[in-house]
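Remarks on the overall topology
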Amino acid sequence: MKRATLYRLLPVVCLTGLLILTALCGGCGKSGMPSPKKTQDTFTITGPALSPMGDCLVARGTAQGAIRNVEYITLEISPIQSYDDCPGCPFVPRESGEFAASDIQLDPQSGQFMFSYCPAERAPMYRWRLVGRNVFRGLPFATTTPQVMVMP
């Protein structure tokens, strides 16, 4: 081969080698979403409960862990007509109310909180969950499992 041809092929060969190397090494290391190392700054929500009060809803629960880092608790709801409304479907909230820690009667010792929310759309049942946001933005949300609440 001529020297000119070799010089033209050299960048193509190098680029191909780098692509193959990247593909082989790309799967190395830890898999999954990164998790915070500072677990002393996180909190969870336990014992979530939602009950009707007239046309409104009363949410209760307990924040455990770094209670001082609760910035907001959000009630996410989705009105449904019956239990048969797609029970295996992922929860997609259609309405939400966000409440600051100072507005949810958060007890700094026990972590218990309570607040009320009046949905814009009335329904016989609601799928719902609570989501807690930490004051440290890089830490994960404290999210409860979606549940169903029946209006009287």
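In this report, we go over the structure that sits alongside the text.

1. Digging into the overall build of the protein
The helix and strand tally for the protein stands at one helix and eight strands. Taken from the N to the C terminus, the helices and strands of the protein come in the order α-β-β-β-β-β-β-β-β. Across the protein, the fraction of contacts at a sequence separation of at least 24, relative to all contacts at a separation of at least 6, is 65%. Split by element, the accessible area of the protein, about 10,100 Å² in all, is 59% carbon and sulfur.

2. Things to note about the sheet that holds strand E2 (residues 56–65)
Reading across the sheet, the three strands line up as E1-E2-E5 and stay open at both edges, with antiparallel pairing between neighbours. The open sheet terminates on both sides in strands that have one partner only, identified here as strand E1 (43–53) and strand E5 (112–117). The mean angle between the axes of side-by-side strands here comes to 20 degrees, regardless of whether they run parallel or antiparallel. Sheet topology note: the E2/E5 ladder contains six bridges and is antiparallel. Residue pairing for E5: Gly 61 is matched across the bridge by Phe 113.

Criteria and thresholds
Residues numbered from 1 in each chain as written. Predicted model: local features only at pLDDT ≥ 70, side-chain atom pairs only at ≥ 80, totals over all residues. Heavy atoms only, no water. Helix = DSSP H or I, 4+ residues; strand = E, 2+ residues; numbered from the N terminus. Contact = heavy atoms within 4.5 Å. Areas by Shrake-Rupley, 256 points an atom, 1.4 Å probe, with all protein chains shown as cover. Pairing = 2+ DSSP bridges. Axes fitted to C-alpha atoms, helices over the stretch in contact; angles between N-to-C directions.

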